[in-house]
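# Coordinates in review
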Amino acid sequence: MQKVIISIVFFLTTIFFSFGQENNGYTITVNISGMKADKGNVYVALYNSEKDFLKNPFKGDIVKVTDKKATAVFKNIAKGVYAISVFHDKNDNKKMDTNFMGIPKEPTGCSNGATGFMGPPKFRKAKFKLDKDIVLPVKVK
């Protein structure tokens, strides 16, 4: 009889814990295309605020280019508003090369295809709402 009671308590505890668990977050899969070669790596940055956009990433990843494509995956990301920026470090010097005016010399891209005019892209153009798992295409130019 004691085994039956312990089994029932264990079963009920398991059910209560499974109902009590909240979603740990969502997955953002970033599919990057537009690279002209498999050399170097792609640096991927995830931003969660306008003030930090292109300055201080919330999360980041460095992914290998294969068949002129790359994929980065961010897991357990909370519901919210985010933006993605990427650059292809073609010469693998671990930094984005720019000209004397600060314009990138290596291919770059942002979520929503956001581009800048007389300056870098804006968060408001690159932002997206995360409330489910999402796959984002980003093309570098």
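Please refer to the structure higher up on the page.
The sections below set out a description of the structure shown in this document. (Residues numbered from 1 in each chain as written. Predicted model: local features only at pLDDT ≥ 70, side-chain atom pairs only at ≥ 80, totals over all residues. Heavy atoms only, no water.)

Taken together, the side chains of Phe100, Met101 and Ile103 make up a nonpolar region of the molecular surface, amounting to roughly 410 Å² of accessible area. Considering the arrangement of structural elements, one finds Phe100 in the loop between strand S5 (80-89) and strand S6 (108-110). With a relative accessible area of 79%, Phe100 lands in the exposed category. (Patch = residues over 30% accessible without salt bridge, like charges linked within 9 Å, V, L, I, M, F, W, Y side chains within 5 Å. Areas by Shrake-Rupley, 256 points an atom, 1.4 Å probe, with all protein chains shown as cover. Salt bridge = Lys/Arg side-chain N within 4 Å of Asp/Glu carboxyl O. Helix = DSSP H or I, 4+ residues; strand = E, 2+ residues; numbered from the N terminus. Buried < 20%, exposed > 50% of the residue type's maximum accessible area, 1.4 Å probe, protein only.)

This paragraph deals with the pairing of strand S2 (residues 41-47). The element S2 is largely enclosed, with a buried count of six among its seven residues. In terms of strand pairing, S2 meets strand S3 (residues 59-64) through six bridges, oriented antiparallel. What sits directly across from Leu46, in S3, is Lys59. (Pairing = 2+ DSSP bridges.)

Within this structure, the stated rule accounts for five aromatic pairs. With a centroid separation of 4.9 Å and 15° between ring planes, the pair formed by Tyr43 and Phe87 is classed as stacked. With Tyr43 in strand S2 and Phe87 in strand S5, this pair connects stretches of sequence that are 44 residues apart. Assessed through its relative accessible area of 17%, Tyr43 is described here as buried. Judged by its relative accessible area of 13%, Phe87 is buried. Pairing Phe53 with Phe123 gives two aromatic rings, centres 5.6 Å apart and planes at 70°, and the pair type is edge-to-face. Residue Phe53 is found in the loop between S2 and S3, and its partner Phe123 is found in helix H2 (residues 123-126); the two are separated by 70 residues along the sequence. Like Phe53, the residue Phe123 is buried in the burial classification. In textbook terms, an aromatic cluster arises when at least three aromatic residues are bridged by ring pairs, as seen for Tyr47, Phe53 and Phe123. The aromatic ring of Phe58 is capped on one face by Lys59, whose charged end is 5.4 Å from the ring centroid. (Phe/Tyr/Trp six-rings, centres within 6.5 Å; stacked < 30°, edge-to-face > 60°. Lys NZ or Arg CZ within 6 Å of the ring centre and 35° of its normal.)

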